[in-house]
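# Understanding the architecture of this molecule
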Amino acid sequence: MFRSSRKSYWSSRSYQKKKTIPKRWIFLSIPLIVIALELLMRLVVGITGKTAELNAFEGEPLNVSAYRLKFLDQSGQSYDGMPNRGQLTVRRSPILGYRLVENQKTSVLQINSQGFRAEQPLPPDKPKDEIRVFIVGGSTAFGQLSSGNQATIAHRLETRFNQQVAAQKSTPNKFRPDILPYYADELDKALGLPPRIRESRYRVINAAVPGYISSNELSQLASEILTYKPDYIVLLNGYADLLLPSAYDGADVPGTEALLESAPRHMMVGLGQQLNGFFRQFFLVRGFEYWILRPQTALKQLVPPMTDSDASVQDRLPKDPKELENRIVRYRQNLKQMARLTSASKIPLIVALQPEVSTRSADKRSQREKDILNQLGSDYPGLIKSGYTQLQLSIDQVKREVPQGVTSLNLSDAVANAPKESFQDAIHLTDEGNTAIANRVFDAISKQLHVQPKPYGGTEPPR
């Protein structure tokens, strides 16, 4: 009994000693543990070669943040209190609403010195042997979420043109001859060959800007694009016009008025961003988001134009017939002005509504495309079909009112039955989808560039 009491005595004394560890040491050890874990995380990231990737990580898939807009004021400074995690910088413009900042480069895109998506600047003076095609529009035309500049519609279209010219020069016998043969069997054979196009240097300029609607595109056409003497203009738009409320004249820097009108909100948002920026310096935070939360596997809908509203795509589509009519009228008036400008300059204008995911054939949709449609909501297909029908009617009306040099192009069937996945979200195409659209645009433009062979003009048939 004595031994048992003694053991109990010393056990209780030991327990009391453990309980009397100063709390301040426990409190002070927490930052040391955090520092140790942060150093360990940086070591692991360095060994795995993920340092640059994690430095660029902004809490969402890397290809999303690379294309998310970061708004600057006219002096090039960030707006206090506005989200700034995007990597694609745009500057406030009194004429265009905003424009792409020149000479910027990310992991997936490059903007040249004129604000166009290209590696090299566009010479202001057009060479005599050059044919220029401008791609104008919003995020789909820009190539949002594509793997790089080379995967965009513009680049694929330029490649297609120049490849045909090279083929015509290297293998002329595979194309229609300059002069048709005399004999009927040879004539039929010659006419069955692919037609030639004008042998020039083709340059396709990606002048599209994410978030632009027809109003912005009209301003851009009048103030910038026409000065570069385009030979063809391809307008790929419509979707953003349906999303932007009729109270807006065009896409602009979002949220600035609301922030300026509410000083407390402006201050709280700014403080929140500073606090978020502080914590996001730590690789522990970035690593937890990147590997545990795994946003890179999440389905994202990055659909401009940007407004103060956080509503879903489905909720941004007009349900009120009067509101839909107002948005359609805005589109039609802007399109008519663009058609008049290009017609007066004798520049062919090709107008197409950008494809959207609901037009994909049900048996061709990938699982991701099915998920995209489910996320968009049950009302989405009907709302977007109604809107697109009205947009197409507007295009047809403009063609009747400005008949010279305006053609329309149906692009939805170019991806409707494509064998491979075509959409990454509601409107943004995969690289394969961009190729399908580029091929369809090539077919439309090349028809206007066909070189008509001359009939046989000899006095006697060849022997």
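One structure accompanies this document, and this report is about it.

Let us look at the environment of Val234. Inspection of the secondary structure puts Val234 in strand E8 (residues 232–237). On the accessibility criterion, Val234 (5% relative accessible area) is buried. Discounting residues that sit within four places of it in the chain, Val234 has contacts with Val133, Phe134, Ile135, Val136, Ile350, Val441 and Ile445.

In total, this model carries 16 salt bridges according to the counting rule given. Linking Arg360 and Glu369 is a salt bridge whose minimum nitrogen-to-oxygen distance equals 3.3 Å. For Arg360, a relative accessible area of 1% translates into the label buried. Judged by relative accessible area, which is 0%, Glu369 ranks as buried. Among the charged side chains, a salt-bridge network with shared partners connects Arg91, Arg99, Glu102 and Glu224.

As a further point, take the sheet that holds strand E2 (residues 88–93). Here 3 strands make up an open sheet; going across it, the order is E1-E2-E3 and the pairing mixed. Strands with a single pairing partner mark the edges of an open sheet, and in this sheet they are strand E1 (69–72) and strand E3 (97–100). Within the sheet, the average angular offset between the axes of one strand and its neighbour, ignoring direction, is 40 degrees. With 4 bridges connecting them, E2 and E3 associate as antiparallel partners. Bridge assignment links Arg91 to a residue of E3, and that residue is Arg99.

Parameters at a glance
- Residues numbered from 1 in each chain as written.
- Predicted model: local features only at pLDDT ≥ 70, side-chain atom pairs only at ≥ 80, totals over all residues.
- Heavy atoms only, no water.
- Helix = DSSP H or I, 4+ residues; strand = E, 2+ residues; numbered from the N terminus.
- Buried < 20%, exposed > 50% of the residue type's maximum accessible area, 1.4 Å probe, protein only.
- Contact = heavy atoms within 4.5 Å.
- Salt bridge = Lys/Arg side-chain N within 4 Å of Asp/Glu carboxyl O.
- Pairing = 2+ DSSP bridges.
- Axes fitted to C-alpha atoms, helices over the stretch in contact; angles between N-to-C directions.

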